[in-house]
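# Structural characterization, general
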There are 2 protein chains.
Amino acid sequence: MELIAIGEIIRERRKSRKVTQDDLAEIAGISIRTLRDIENGMGNPELETLVKICHALGLEIKVEVIK
Amino acid sequence: MELIAIGEIIRERRKSRKVTQDDLAEIAGISIRTLRDIENGMGNPELETLVKICHALGLEIKVEVIK
DNA sequence: AAAAAATAGGCATTTTATTGCCTATTCACT
DNA sequence: AGTGAATAGGCAATAAAATGCCTATTTTTT
């Protein structure tokens, strides 16, 4: 699970929902600046930040055993 | 996915591997202080920190659609 | 029961994510 | 092509995570 991968997942999901970065950031309760960085694979977000975004998109973060 | 849940998953996995916090922290490349906080559900770790720990334990962080 | 090992958490410091403000660039629509 | 919306990213300030040092408590081992 890399940053860029999460960013892409979030971006695709957001676009499929036809939501702007601005709207998603507001719904998730984070700044658009942070959302932008995450979608572009920059930085190293806090778990809570990711959870907020994912929740706003109907996504969930899970921990699984590597097979 | 809540903090306390991740902490418990990590702790259980670590114990099943018979590894101490000290050892796991060193293997993961983070401080024992941070690992301790995460296992006890305190704080709000960075994604990279979680990834390091999970990797050291053969665990993976995933994003899934909520059913 | 005693000793050693492991875990817990307070606190100050350092490092880094988040944020806001700004302008530039790209995209979508008429 | 032109216009407005959306996205991108630099930079400084702020907020918060990570770390190190310390002692206390709990757990394990002998």
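The paragraphs below set out a description of the structure included in this document.

Parameters and conventions
- Residues numbered from 1 in each chain as written.
- Chains lettered and ligands numbered in written order.
- Predicted model: local features only at pLDDT ≥ 70, side-chain atom pairs only at ≥ 80, totals over all residues.
- Heavy atoms only, no water.
- Least-squares fit on C-alpha atoms with pLDDT ≥ 70 in both.
- Contact = heavy atoms within 4.5 Å.
- Buried area = accessible area lost by both parts, 1.4 Å probe.
- Salt bridge = Lys/Arg side-chain N within 4 Å of Asp/Glu carboxyl O.
- Polar contact = N/O pair within 3.5 Å; in protein donor to acceptor, adjacent residues only side chain to side chain.
- Helix = DSSP H or I, 4+ residues; strand = E, 2+ residues; numbered from the N terminus.
- Nonpolar A, V, L, I, M, F, W, Y, C, P; charged D, E, K, R; others polar.
- Axes fitted to C-alpha atoms, helices over the stretch in contact; angles between N-to-C directions.
- Parallel < 35°, antiparallel > 145°, perpendicular 65-115°, else oblique.
- Left-handed = near helix turned anticlockwise from the far one by under 90°.
- Near = heavy atom within 4 Å.

### Some details on the relation of the copies chain A and chain B
Here chain A sits on chain B after a turn of 180° about the axis and a move of 0.0 Å along it, with an RMSD of 0.0 Å. Both copies are brought into coincidence by an operation consistent with a two-fold rotation axis. Identified as the residue of chain A closest to the rotation axis by C-alpha distance is Glu46 of chain A, at 2.0 Å. Looking at the interface residues of chain A, 100% of them are also at the interface in chain B, so both copies use one shared face.

### Some points on the interface of chain A and chain B
Listed as interface residues are 22 residues of chain A and, on the opposing side, 22 residues of chain B. Both faces combined, the contact of chain A with chain B buries some 2400 Å², and carbon together with sulfur accounts for 62% of it. Put simply, chain A and chain B have two salt bridges between them. The partner of Glu64 of chain A in a salt bridge is Lys62 of chain B, and the shortest N-O contact between them spans 3.7 Å. On inspection of chain A and its partner chain B, the count reaches eleven residue pairs in polar contact (both at pLDDT 80 or more). Elements with a contribution of two residues or more to the side of chain A that touches chain B: α1 (3–16), α4 (47–56) and β1 (59–65) of chain A. Class assignment for the residues of the side of chain A that touches chain B results in 14 nonpolar, two polar and six charged.

### Re the packing of helix α2 (residues 21–28) of chain A against α4 of chain A
Residue and element names in this part refer to chain A. Viewed as axis vectors pointing N to C, α2 and α4 meet at an angle of 110°, and their least axial separation amounts to 8 Å. Looking at the two axes, α2 sits roughly perpendicular to α4. The handedness of the crossing between α2 and α4 comes out as right-handed. Where α2 approaches α4, its residues Leu24, Ile27 and Ala28 are matched on the opposing element by Lys52, Ile53 and Ala56. Residue composition of the contact of α2 with α4, by class: five nonpolar, no polar and one charged.

### Details of the protein's contact with DNA strand C
In the vicinity of DNA strand C lie 17 residues, with Thr34 of chain A together with Arg11, Arg14, Gln21 and Arg33 of chain B positioned nearest. A share of 63% is what sugar and phosphate atoms reach among the atoms of DNA strand C within 4 Å of the protein. One nitrogen or oxygen atom from the side chain of Thr34 of chain A is found 2.6 Å from a phosphate oxygen belonging to DNA strand C. Arg33 of chain B is positioned such that a nitrogen or oxygen atom in its side chain is 2.6 Å from a base oxygen of DNA strand C. For the surface near DNA strand C, the secondary-structure elements that each account for two or more residues are α3 (32–39) of chain A together with α1 (3–16) and α3 (32–39) of chain B. Classifying every residue of the surface near DNA strand C gives three nonpolar, seven polar and seven charged.

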